[in-house]
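Coordinate analysis (summary)
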Amino acid sequence: MKTVLLGYMASGKSTIGKILATEVGVPFIDLDHYIEAQENKTVTEIFNEKGEIYFRLQEHKYLKELLNSKDSFILSLGGGTPCYANNMDLLNSSENTISFYLKATIKTLVDRLNNQQDQRPLVANLSPNELKEFIAKHLFERSFYYEQAAHNIYIDEKEIATIVSDIRFFLA
Ligand code: S3P
């Protein structure tokens, strides 16, 4: 069984994914880290040196590779993964695969990303006002793809343990 977590930057995909994987007893894979290990560069380096289009092509290639494997795992995607290269169709047609959208409000995402901008090339150079505008517009555009996940999990103001158990409810 493959469990896939998706959602906007800073929605908690990696944090939740790691805990879920420990509880369920399967490996955890963070797609960004997987790409970094394969390419021997950080995501920021890939964006800066090779550009976003190259990153999106590699992201699609490695997602396909993981979904084609026979292994069970919890996989957290990058915030943009669902929105490029028909990746949601790929996910939804993949056997033994279940996807969860970790759904957050703009306010939660702005609060969290305010503190984590430097690790994220797409928002690294935005002022606080620009960041809010950017997230509002970007989330609106991306929701079309995120909402194609099998399940929506609301995360605002929830403890991590609650979010994990909300997901586990569907894995039983
Ligand atoms: C991106 C999100 C990042 C990473 C890359 C692009 C995006 O992952 O894949 O910087 O387009 O939203 P996180 O959601 O883990 O930050």
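See the structure printed just above.
Definitions and cut-offs
In every chain, residue numbers begin from 1 and rise along the written sequence. Given that the model is predicted, a residue must reach a pLDDT of at least 70 before its local features are reported, and side-chain atom pairs must reach 80 or more before they are shown or counted; all residues, however, enter totals for whole chains, interfaces and linings. Each side-chain value is worked out from all heavy atoms of the structure, with water and hydrogens disregarded. Working definition of a nonpolar core: buried Ala, Val, Leu, Ile, Met, Phe, Trp, Tyr and Cys residues. They are joined through side-chain atoms within 4.5 Å. Using a 1.4 Å probe on the protein chains alone, a residue whose accessible area is under 20% of its type maximum counts as buried, one over 50% counts as exposed, and one in between counts as partly exposed. In this description a helix means any DSSP run of H or I spanning at least four residues, a strand means any run of E spanning at least two, and both kinds are numbered starting from the N terminus. The criterion used for residue contact is that any of the two residues' heavy atoms lie within 4.5 Å. To estimate how far a helix should extend, the number of its residues minus one is multiplied by 1.5 Å. Only a single heavy atom is needed: when it lies within 4 Å of a molecule or strand, its residue is near that molecule or strand. Polar contacts, as counted here, are pairs of nitrogen or oxygen atoms within 3.5 Å of one another; within protein the pair requires one atom able to donate a hydrogen and one able to accept it, and residues that are adjacent in sequence qualify only if both atoms are side-chain atoms. All accessible areas in this document rest on Shrake-Rupley with a 1.4 Å probe, and a residue is counted as covered only by the protein chains that are shown. The method works on a 1 Å grid over the protein atoms by themselves. A cavity is a set of points holding a 1.4 Å probe that cannot get out, a pocket is an open set with protein on both sides within 12 Å along at least five of seven lines, and residues with an atom within 4 Å of a point line them. To qualify as sitting in a cavity or pocket, a molecule needs more than half of its atoms within 2 Å of the grid points. Note on geometry: axes are lines fitted to C-alpha atoms, helical ones only across the stretch in contact, with angles between N-to-C directions running from 0 to 180 degrees. Angles below 35 degrees are treated as roughly parallel, those above 145 as roughly antiparallel, those between 65 and 115 as roughly perpendicular, and all remaining angles as oblique. Residue type decides the class: Asp, Glu, Lys and Arg count as charged, Ala, Val, Leu, Ile, Met, Phe, Trp, Tyr, Cys and Pro as nonpolar, and the leftover types, Gly among them, as polar.

Let us now look at the nonpolar core. Core analysis: the biggest nonpolar cluster contains 47 residues, and Leu6, Tyr8, Leu31, Leu75, Leu77 and Ile167 have the highest contact counts within it. Looking at this core, the element that brings in the most residues is helix 4 (residues 52-68), giving five residues. The residues contacting tyrosine 8, other than those within four sequence positions of it, are Lys13, Gly79, Leu109, Leu113, Phe134, Ile135, His138, Leu139, Arg142 and Tyr146.

A word on helix 4. Given 3.6 residues to a turn, an α-helix orients residues that are three or four positions apart in the same direction. Here helix 4 is 17 residues long and its end C-alpha atoms lie 24 Å apart, about the 24 Å a rise of 1.5 Å per residue gives. Buried within helix 4 we find Phe55, Arg56, Gln58, Glu59, His60, Tyr62, Leu63, Leu66 and Leu67.

Another aspect to go through is the site of the ligand. Neighbouring the ligand are 14 residues, the closest being Lys13, Asp32, Arg56, Arg120 and Arg142. Between an oxygen atom of the ligand and a side-chain N or O atom of arginine 142, the distance comes to 2.7 Å. Protein coverage of the free-state accessible area of the ligand, which is 390 Å², stands at 94%. Its atoms largely coinciding with the cavity grid, the ligand occupies the largest pocket. Elements with a contribution of two residues or more to the shell around the ligand: helix 3 (43-50) and helix 4.

In this section: the packing of helix 2 (residues 31-39) against helix 4. At a minimum axis separation of 10 Å, helix 2 and helix 4 run at an interaxial angle of 105°. The angle between helix 2 and helix 4 falls in the class roughly perpendicular. Together, Leu31, Asp32, Tyr34, Ile35, Gln38 and Glu39 of helix 2 and Tyr54, Phe55, Gln58, Glu59, Tyr62, Leu63, Glu65 and Leu66 of helix 4 make up the contact between the two elements. For the contact of helix 2 with helix 4, a count of residues per class yields eight nonpolar, two polar and four charged.

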